[in-house]
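# Summary of the model geometry
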Amino acid sequence: MVQVVHIVDVESGNLQSITNAIEHLGYEVKLIRSGADPELDKAETLILPGVGNFGHFTRNMRARGFVDAISSYIASGRPLMGICVGLQVLFRSSEEDPGAEGLALVDMSLSRFRDESKPVPEIGWNTLQLDGDQFFGLDPCGRYYFVHSYAAMLANGAGRLREQGWRVATARYGDERFVAALARGNLFATQFHPEKSGKLGLQLLANFLKQQHPSIDRGSQDIELLTNDYSNYGLTRRIIACLDVRANDEGDLVVTKGDQYDVRDKQESGAIRNLGKPVELAQLYYEQGADEITFLNITSFKDCPLRDAPMLEVLRLAAKTTFVPLTVGGGIRDIVDPDGTRISALDVAGLYFRSGADKVSIGTDAVYAAERYYEAGTRGDGSSPIETISKAYGSQAVVISVDPKRVYVDSPDDTPNKTIESKYPNSKGQRWCWYQCTLKGGRECSKIGVWELVRACEALGAGEILLNCIDRDGTNVGYDLELLKLVKYAVKIPVVASSGAGKPEHFQEAFLETGVDACLGAGIFHRGEYTVREVKDHLSRNGLKVRLI
Ligand code: 1PR
């Protein structure tokens, strides 16, 4: 059996995650940083992971001498597995960067998902269609985690690829079918991320590393429960567990939870509420079936993140045992260390990616970026963290965490920001309102509203919106559905509902009434009122597809 697995290191955002997954399976991992590295000759199994921009990735591969080296490796007959952009690079080219050349092992080009009728990127858990092609134990009822905007579209099916000898698993996102995985000879590649697809993904990696092709036998009950009904473009309804992390008064890093962002206990000592340890809770929610875990360093505005090693350590440890996407937020901005060294937001994000994060979330700095975007006449200058990080790691890696609060006005003319007419007037009888963006965890207010903010951030390159709501945070009374609808209509990128979930019905109404792409809960899970599994069971009983493990 192969004991050492070699991974091509092109500084891809998912390098740490794939390393963690392979080490978890009991293998030693060695990174290969250039095509000239003699280790490549010794490699018995090679993984080619990639995320982000096709052109950036292929150019990096070329610059490091990987193009010829990988072609020779493949010609030698040894197994290679490409993941995400590591699959895309096997193709000829991509609409994402038409001048960039792929390895052209598959005679096809990639194109962007159409976004008229569905959010793009595709972010979430989809199923596969195998059409009789069984390989590496891919499970047609299983859910695999996809995150991408470009794909090898199959308007006329996979027939041409099959004629060329490829075994193909396809997936459908909305009205478009694309290559989800393919295999031929010693090559195997997946558009989805096995390293982030929970236990099913780990099983797939194990099958590849052992070069096994077990057959999958599902009972009729499973098939009925798990078969994709394509009601949500093919994706399950994502449930995210969120951990607000900060140091308590004793200096220990704890998971806390506020009421409208106030995390101090009101009744007793006034101490920071301590709801548990971040790594342990992340593991617990992973086991309960959370589709993603989000860590927010909620006091990052006063801490310097590069000195804040415990948060990086939390992420490093959590990423070793939780194989679903991890988002980290708080302090993703340009910083100056006490010795005067300036560290760019891109480098801060890089540090988090190398510690196992799959996405970073930007709060305060997103507000500054959006304000500058409007001041410059709806243009970015390329320098904001949203732009620099999405350019290097892909827009799917950049989440915008918004902390809005509702402001009532007499009429829409009283503010330049987008207003809605609410069903719930305030005590003065005012019906019109807008949602003011805040910074530094609600401590400061911006002049722009949430509608303006999310549209600016989307234009600058963000891939997802994490939509909090200060008015509802910790209240247990349900999400602010009016806010969710406003933002969902404002952008094409996926929107995550946050703040106020107190029972499973709240998740259900958010999905059904607003079309949000995911729902996040914090207090409901930390206080043990419901498990993630109970929320999902409720959704499933009510006809919404969820990922069940
Ligand atoms: O501004 O880029 O450094 O990021 C700071 C991050 O920390 C932002 O994402 C901001 O939302 C978050 N944050 C700052 N202060 C607080 C606080 O609570 N005092 N937490 C805070 C935000 C919102 C969610 C919460 C949901 C669900 N918390 O994380 O988990 O509201 O709660 P619920 O389900 O219990 O209602 P930057």
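Small disclaimer: the values here were computed from a predicted structure and weren't measured. Within every chain, residues take consecutive numbers counted from 1 along the sequence as written. Confidence filtering applies because this is a predicted model: local features only for residues at pLDDT of at least 70, side-chain atom pairs given and counted only at 80 or more, and all residues used for totals across whole chains, interfaces and linings. To get the side-chain values, take all heavy atoms of the structure and skip hydrogens and water.

This next bit is on the overall build of the protein. Looking only at helices and strands, one finds 18 helices and 27 strands in the protein. Whereas a compact globule of 549 residues would reach a radius of gyration of roughly 24 Å, the protein reaches 23 Å, a difference of no more than 12%. Dimensions of the protein, computed from the C-alpha atoms along their principal axes, are close to 75 × 60 × 45 Å. Buried positions account for 60% of the 549 residues belonging to the protein. It only takes one pair of heavy atoms within 4.5 Å for two residues to be counted as in contact. Within the protein, residue pairs in contact and separated by at least 24 positions form 70% of the contacts whose partners lie at least 6 positions apart. Accessibility throughout is a Shrake-Rupley quantity obtained with a 1.4 Å probe, and a residue counts as covered only by protein chains that appear here. Here the protein displays about 21,000 Å² of accessible surface, and carbon together with sulfur accounts for 47% of that area. Charge assignment in this entry is limited to Lys and Arg as positive and Asp and Glu as negative, and neither His nor the chain termini are counted. Charged side chains are reduced to one point each, which is NZ for Lys, CZ for Arg, CG for Asp and CD for Glu. Once the 62 positive and 73 negative side-chain charges of the protein are each reduced to a mean point, those two points are 1 Å apart. Only DSSP runs of H or I reaching four residues or more are called helices, and only runs of E reaching two or more are called strands; each is numbered from the N terminus. The quantity called the radius of gyration is restricted to C-alpha atoms. Its globule counterpart is 2.2 Å times the number of residues to the power 0.38. For the exposure calls, accessible area comes from a 1.4 Å probe over protein chains only, and a residue counts as buried if that area is under 20% of its type's maximum, exposed if over 50%, partly exposed in between.

When its domains are assigned, the protein resolves into domain 1 (4-233) and domain 2 (236-258 + 272-542). For the domain bounds, the source is a domain assignment made automatically or taken from a database. The gap between the C-alpha centroids of domain 1 and domain 2 is 29 Å. Of the residues lining the interface, 31 residues belong to domain 1; the matching set on domain 2 comes to 35 residues. Here's the idea: put two parts together, see how much 1.4 Å probe accessible area each one loses, and the total over both is what we call buried area. Summed over both partners, the interface of domain 1 with domain 2 buries about 2,500 Å², with 52% contributed by carbon and sulfur atoms. Looking only at domain 1, the three residues that lose the most surface to domain 2 are Ile123, Trp125 and Lys196, adding up to 23% of its buried area. Here, a salt bridge means any side-chain nitrogen of Lys or Arg that lies within 4 Å of a carboxyl oxygen of Asp or Glu. Counting every contact that joins domain 1 to domain 2 gives 2 salt bridges.

The next subject is the sheet that holds strand β4 (residues 80-84). The strands making up a sheet are joined through hydrogen bonds of the backbone, oriented either antiparallel or parallel. What makes two strands pair is DSSP finding at least two bridges between them. Strand order in the open sheet formed by 7 strands is β2-β1-β3-β4-β12-β11-β10, and the pairing between neighbours is mixed. A strand with exactly one partner marks an edge of an open sheet, and here the two such strands are β2 (28-32) and β10 (167-173). Between one strand axis and the next, the sheet turns by 25° as a mean value, whatever way the strands run. Pairing of strand β11 (residues 176-184) with strand β12 (residues 187-190) involves 4 bridges; the strand directions are antiparallel. Its bridge partner lying in β12, Leu182 is registered against Ala189. Together, β1 (4-8), β2, β3 (46-50) and β4 form the strand contacts of helix α1 (residues 15-24), whose direction differs from that of β1 by roughly 170°. The angle between two axes is taken between their N-to-C directions and runs from 0 to 180 degrees, where each axis is a line fitted to C-alpha atoms and a helix contributes only its stretch in contact.

With that settled, the discussion passes to the environment of Glu96. Structurally, Glu96 is set in the loop between β5 (91-94) and β6 (106-112). Once the C-alpha coordinates of Glu96 and Arg112 are considered, the two residues, 16 residues apart in sequence, prove to be 7.2 Å apart. Residues in contact with Glu96, not counting those within four places in the same chain, are Gly52, Asn53, Phe54 and Tyr150. Here Asn53 takes part through its side chain, which lies 3.5 Å from a polar atom of the side chain of Glu96. Polar contacts here mean pairs of N or O atoms no more than 3.5 Å apart (in protein, one a potential hydrogen donor and the other a potential acceptor; neighbouring residues in sequence count only if both atoms are side-chain atoms). Within the structure, Glu96 has its side chain in polar contact with the backbone nitrogen of Phe54 (distance 3.1 Å).

Paired rings are identified among Phe, Tyr and Trp, the last through its six-membered ring, by centres lying within 6.5 Å, and are further divided according to the angle between planes into stacked (under 30 degrees), edge-to-face (over 60) and tilted (the rest). Applying the stated criterion to the full structure yields 17 aromatic pairs. Relative to Phe188, the ring of Phe135 has its centre 5.9 Å away and its plane inclined at 85°; by these criteria the two rings are edge-to-face. On the criterion of sequence distance, the pair formed by Phe135 in the loop between β7 (122-126) and β8 (144-148) and Phe188 in strand β12 is long-range, its members being 53 residues apart. Phe188 carries the same exposure label as Phe135, and that label is buried. Aromatic side chains Tyr373 and Tyr374 sit 5.2 Å apart centroid to centroid with 80° between the ring planes, which places their arrangement in the edge-to-face category. By relative accessible area, which is 12% here, Tyr373 ends up buried. Here Tyr374 falls in the partly exposed class, since its relative accessible area comes to 31%. What links up through ring pairs into an aromatic cluster is the set Phe113, Tyr144, Phe146, Tyr173, Phe178, Phe192 and Tyr233. Of note, Arg172 hangs over the ring of Tyr230, and the distance from its end group to the ring centre comes to 4.0 Å. Cation placement over rings: the criterion is NZ of Lys or CZ of Arg within 6 Å of the ring centroid and within 35° of the ring normal. The ring centre of Trp125 lies 4.0 Å from the NZ or CZ of Arg547, which sits over that ring.

In this section: the pairing of β2. When β1 meets β2, the two strands line up parallel, connected through 5 bridges. Its bridge partner lying in β2, Val8 is registered against Ile32. You can see the chain leave β1, run along α1 and come back into β2, and the turn it takes is right-handed. The path from the first strand over the helix to the second decides the hand: if it runs clockwise while the strands point away from the viewer, the crossover is right-handed.

All right, on to the nonpolar core then. Among buried residues, the Ala, Val, Leu, Ile, Met, Phe, Trp, Tyr and Cys ones that are joined through side-chain atoms within 4.5 Å form a nonpolar core. The biggest cluster of nonpolar side chains holds 166 residues, and the ones touching the most others in it are Phe295 and Ile400. With 9 residues, the next largest nonpolar core counts Ile240, Cys242, Ala518 and Leu520 among its residues.

The next point concerns the UniProt feature "active site" (unreviewed entry) in the protein. UniProt positions are given in the numbering used here, feature names are shortened, and annotations may be inferred rather than shown by experiment. Per the UniProt record, the feature "active site" (unreviewed entry) sits at Cys84, His193, Glu195, Asp244 and Asp403. Look at the named residues: they lie 320 residues apart in sequence, and the longest C-alpha span between them is 31.8 Å, so in the fold they stay spread out. Summarising the element assignment, Glu195 is placed in the loop between β12 and α7 (198-209). Excluding residues within four positions of it along the chain, Glu195 makes contact with Asn14, Ser17, Ile18, Ala21, Ile83, Leu205 and Phe323.

Another point: the UniProt feature "domain: Glutamine amidotransferase" (unreviewed entry) in the protein. Under the local residue numbering, the UniProt record ascribes the feature "domain: Glutamine amidotransferase" (unreviewed entry) to residues 7-210. With 27% helix and 29% strand, residues 7-210 has its two end C-alpha atoms placed 16 Å apart.

Moving on, we get to α1. Since the α-helix turns once every 3.6 residues, residues separated by three or four places project in the same direction. Within α1, 7 of the 10 residues are buried, leaving the element largely enclosed by the surrounding structure. Within α1, burial applies to Leu15, Ser17, Ile18, Thr19, Asn20, Ala21 and Ile22. The first or second residue beyond α1 is Gly26, which carries a positive phi of 100°.

Looking now at the site of the ligand. Proximity is defined per residue: any heavy atom of the residue falling within 4 Å of a molecule or strand makes that residue near it. Surveying the vicinity of the ligand reveals 25 residues, the closest of which are Lys257, Thr364, Ser401, Asp403 and Asp473. In the model, an oxygen atom of the ligand is placed 2.6 Å from a nitrogen or oxygen of the Ser401 side chain. Taking Gly523, its main chain carries an N or O atom lying 2.9 Å from an oxygen atom of the ligand. Here the ligand has 760 Å² of accessible area as a free molecule, and 98% of this is covered by the chains. Sorting the residues of the shell around the ligand by element identifies β13 (238-247) and β27 (518-521) as the ones contributing at least two each.

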